[in-house]
Amino acid sequence: MSKRYELPPLPYKYDALEPHISAKIMELHHSKHHKAYVDGANKALDLLDRAKKGEEIDVKAVMRDLSFHVGGHVLHSIFWPNMSPNGGGKPGGRIADYIDREFGSFEAFQNIFTKAANTVEGVGWAVLAYDPLRDTLVVHQVEKHNLLHLQGHTPLLVIDVWEHAYYLQYLNVRPNYVKAWWNVVNWDDVDKRLERAINAGSPV
Ligand code: MN
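Residues numbered from 1 in each chain as written. Predicted model: local features only at pLDDT ≥ 70, side-chain atom pairs only at ≥ 80, totals over all residues. Heavy atoms only, no water.

Colleague: So, helix α2 (residues 59-79): which residues are in play, and what are the values?
Modeller: Along its 21 residues, α2 runs 30 Å from first to last C-alpha, staying within 8% of the 30 Å computed at 1.5 Å per residue. The elements touched by buried residues of α2 are α1 (23-52), β1 (124-131), β2 (136-143), β3 (154-160), α6 (174-181) and α7 (187-200). (Helix = DSSP H or I, 4+ residues; strand = E, 2+ residues; numbered from the N terminus. Expected span 1.5 Å × (residues − 1). Contact = heavy atoms within 4.5 Å.)

Set out below in C-alpha cells:
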C-alpha cells in the first residue's frame, strides 16, 4: 500500500485570525474542506494501488483526481502557516529584498498580488512563488487547485479565493476578504520558505 497523505494540524486556534477571518470559516475550512482533499488524494492512491495489482481502473480519471486533491492538500498546507494572529505589515529579511528587486516596491507587489487574487476566474488561488530558473519571484494564479500551475516553481505565499474561504463572512465581496487577509500574512513564514526554496536549487 502506498504511503498516505495526512491532514496537518492548524498552527493556531480556529478563532486566532478574528476579526479578519472568522472562527467558523477556519473550522469548516480546515476540518471539512482541507480534510476532503486529503481523503480524496488518498482515495486516488487506493485506486492506483488496485491498478498495480492488475485491476482495471479509469487511469485518466484517477490521475486527474490525484492532481486536483494533491494540489488542494499542498496549497492548504501552505496557506495555514502563511497566516498568523501576529501577521500583517511589511516583510523584512531576504523576502523583502527579493520583492523589492523583482517588483520595485512592496506596494507594487501588493497591488499585483491583490489583482491576481481578485480576478481568479471561478475558484482558485493567487500565489507568490520562487522561480529557481531565474532566481527571483513571480506572482501567478491557480485555477481550482491544479490548473495554470508553473512547473518547478515553489509556492511561498498563497491565498485561497474559493468562496468557502470567505463567503460566510464576506458574502460575494471577494476584494474585502483579500484586503482583510493582508492583516494576517505571516511574513516570517514566507521568508523561511524562500530560504528553503533557494537552498533546494533548480530542478532543471
Ligand atoms: Mn480552501
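What follows picks up the thread again.
Colleague: Break down the pairing of β1 for me, citing the residues and quoting the values.
Modeller: For β1, the tally of buried residues reaches 8 of 8 residues, placing the bulk of the element in the interior. Here β1 shows a buried face lined by G124, A126, L128 and Y130 and a second buried face lined by W125, V127, A129 and D131. Of the pairings in the sheet, the one linking β1 to β2 comprises 8 bridges and is antiparallel in character. Its bridge partner lying in β2, A129 is registered against V138. (Buried < 20%, exposed > 50% of the residue type's maximum accessible area, 1.4 Å probe, protein only. Pairing = 2+ DSSP bridges.)

Colleague: A description of the sheet that holds β1 should follow, citing residues and the corresponding values.
Modeller: Strand order in the open sheet made by the 3 strands is β2-β1-β3, with antiparallel pairing throughout. Looking along the sheet, the strands with just one partner apiece sit at the ends: β2 and β3. The mean inter-strand angle of the sheet, taken between neighbouring strand axes irrespective of direction, is 20 degrees. (Axes fitted to C-alpha atoms, helices over the stretch in contact; angles between N-to-C directions.)

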